[in-house]
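Structural overview
Here are the chains, one letter per residue:
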Amino acid sequence: MLPIRSAIRSARRTLAFIAALAAPLLALAAELPPAAQGPYTVGSTNMQVSLPAADARPMIEYLNGKLQAPKAIYMDDILAHKDAALLKTVTVPASHPGAGQLAGQSVPVLLYVLYPTAKDNARPGYTFPYTETGDNVFPHMQRPGEAPIFADAAAKYPVIIYSGGYNTHGLWHLAHLKTLASHGYVVVDIFHGDARAPGYLESMALRQVAFKAATDFILTDPAFAGHVDAERVGASGASAGGQTILSMMGGVRPGSMQPSLLDARIKAGFGTVPFTGTSFGVWPMQVDAWFFGKDYAGLQSVKVPYFAIAGEKDTSCPSPTVQASARRMGGPAWVVELAGASHNLGDAESEARAWELVFWDAHLRGNAAARALLAPGNTVSGSTRSRMLVSPPAP
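These remarks concern the structure in this document. (Residues numbered from 1 in each chain as written. Predicted model: local features only at pLDDT ≥ 70, side-chain atom pairs only at ≥ 80, totals over all residues. Heavy atoms only, no water.)

A look at the nonpolar core
How we decide: Residue types Ala, Val, Leu, Ile, Met, Phe, Trp, Tyr and Cys, when buried and joined through side-chain atoms within 4.5 Å, form a set referred to as a nonpolar core. We call a residue buried when its accessible area falls under 20% of the maximum for its residue type, exposed when it is over 50%, and partly exposed in between, using a 1.4 Å probe and counting protein chains only. Labels follow the DSSP assignment, with helices taken as runs of H or I lasting at least four residues and strands as runs of E lasting at least two, numbered in each case from the N terminus.
Counting 116 residues, the largest nonpolar core has M75, F128, I218 and F307 as the members making the most contacts within it. Considering every element that reaches this core, the biggest residue donor is helix α4 (residues 200-220), with eleven residues.

Structural data, given as structure tokens:
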């Protein structure tokens, strides 16, 4: 009987060991809800334009900007109500990294804000006269003299500042950012107007200055400051916008005497197919755009939580570089790769947005259930495309 009892005890220990190993895996097998419109109606600031009657210029030149003398083409040329739109002027300091020919210049920058508004907000939407990038309707848009109407006038909403990809514009991101706002976030977008800069380094300098100006605006403007929570500010960026936000989160060029651009108001960052460095062109005309070093050592100074989406088939910002850069972060970092996705994500876009919503709920709202979903093995409901390839060490 002893051998049998011993065998039973051994089998029980083996089963217990297997169960112990399986338990964490089972705990990780959770599904994120798919991205969908949230419970809030969305309002927007003024974006009305008026094109000159005889103007045959393509709209894209206003949206992206165009460098020409004596003044660059930009959105300020066609705004119908400059005083009602969020048109700001920024100056690129001569000491700013990459300022180049923009040093000391004052440059217009257009913002728009999407925010949770009252369900009975009767203001009509505005259809922007450009359809090539999808959604072009600014919902419940403020007209001249109108203040924003918030869903709850006493609430302080978390904030997301958004920076789009190189040579993109605010309409590229409108549907995405409306979804974020519908979940109770105040979202600020920037028309970077990259094509107004003489080169990539100057455009990045202008982007960084504009991003800080957007953050300053939403936290100090009388119409918004009382309705946003300055302790819950997130930075979101796509492609070159990913590089923009990493600079604002403290990423530096190793060995450089250039000062850090760290904005301590940013509490978390989300990068969609983020660009983290390369060299453009061929020597001797090559441009070094390794802003954080070729080994990404300059990202060790990024301490706030950071989440990145990579596309498996992305050749512009390849998944291995997104992973390598995230692993150098000085704070908690995650990377989810979307199977089959290229740089523009295509039909995987909604899956990226599902991860983003969960990330913001975890890190701008302190939602413990959302935080638990940011774990290896989890997927978005109805899909198997997500693979978490980088995550913080288990506590």
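Thoughts on the environment of A341
To keep it simple, the criterion reads: Any two residues whose heavy atoms approach within 4.5 Å are treated as being in contact.
Looking at where A341 falls in the secondary structure, it is placed in the loop between β14 (333-338) and α7 (349-363). For A341 and V159, which are 182 residues apart along the polypeptide, the C-alpha to C-alpha distance reads 28 Å. Those residues in contact with A341 that lie beyond four places of it in its chain are G311, E312, K313, D314, A348 and R385.

Section: the pattern of salt bridges
What counts is decided by this rule: In what follows, salt bridge is the name for a side-chain nitrogen of Lys or Arg lying within 4 Å of a carboxyl oxygen of Asp or Glu.
By the definition in use, this model includes 19 salt bridges. Notably, a salt bridge pairs E61 with K66, separated by 3.5 Å at the nearest N-O pair. D229 is the salt-bridge partner of R232, the closest N and O atoms lying 2.8 Å from each other. Under the relative-accessibility criterion, R232 is labelled partly exposed at 22%.

A short note on the packing of aromatic side chains
Aromatic ring pairs are defined here through the distance separating the ring centres and the angle between the ring planes. Going by this rule: Here the aromatic set is Phe, Tyr and Trp, taking the six-membered ring for Trp, and pairing holds for ring centres within 6.5 Å; pairs whose planes are under 30 degrees apart are stacked, those over 60 apart are edge-to-face, and all others are tilted.
This model, assessed by the stated rule, comprises 22 aromatic pairs. With centroids separated by 6.3 Å and ring planes inclined at 55°, the aromatic side chains of W290 and Y296 adopt a geometry described as tilted. For the pair W290 and Y296, a shared accessibility class is recorded, and that class is buried. Ring geometry for F307 and W334: centres 6.2 Å apart, planes at 20°, overall stacked.

Comments concerning helix α6 (residues 319-327)
Note the threshold: Each direction from the helix axis to a C-beta atom contributes to the arc, which is the arc of those directions.
Those residues of α6 that sit buried are S319, V322, Q323, S325 and A326. The arc that holds every buried residue of α6, seen down its axis, measures 165°, which confines them to one face. Opposite the buried face of α6, by more than 90 degrees, sit the exposed residues P320 and R327. On the buried face of α6, the contacting elements are β13 (306-311), β14 and β16 (386-390).

Some details on unusual backbone geometry
For the peptide bond that leads from A69 to P70, omega is 0°, which places it in the cis range. Note that P70 resides in the loop between α2 (59-64) and β3 (86-91). With phi around 60°, N167 is a residue other than glycine that occupies positive phi space. Tracing the chain through its elements places N167 in the loop between β7 (157-163) and α3 (174-182). Phi is positive for Y296, close to 65°, though the residue is something other than glycine. Mapped onto the elements, Y296 comes out in the loop between β12 (287-288) and β13.

Digging into the layout of surface pockets
Stated precisely, the cut-off is as follows: With a 1 Å grid spanning the protein atoms alone, the term cavity applies to any set of points in which a 1.4 Å probe fits but cannot get out, the term pocket to an open set with protein on both sides within 12 Å along at least five of seven lines, and the term lining residue to any residue with an atom within 4 Å of a point. Grid points are joined across faces, edges and corners, and a volume is the space filled by probe spheres set on the points. When residues are sorted by character, Ala, Val, Leu, Ile, Met, Phe, Trp, Tyr, Cys and Pro go into the nonpolar class, Asp, Glu, Lys and Arg into the charged class, and all the rest, Gly among them, into the polar class.
There is about 510 Å³ of room inside the largest pocket. Lining the largest pocket are 22 residues, with W172, H173, A238, N344 and E349 sitting closest to its centre. Mapped onto the lining of the largest pocket, the elements with two or more residues apiece are α3 and α7. If you tally residues by element for the lining of the largest pocket, the top one is α3, at three residues. Looking at the lining of the largest pocket residue by residue, the classes come out as nine nonpolar, ten polar and three charged.

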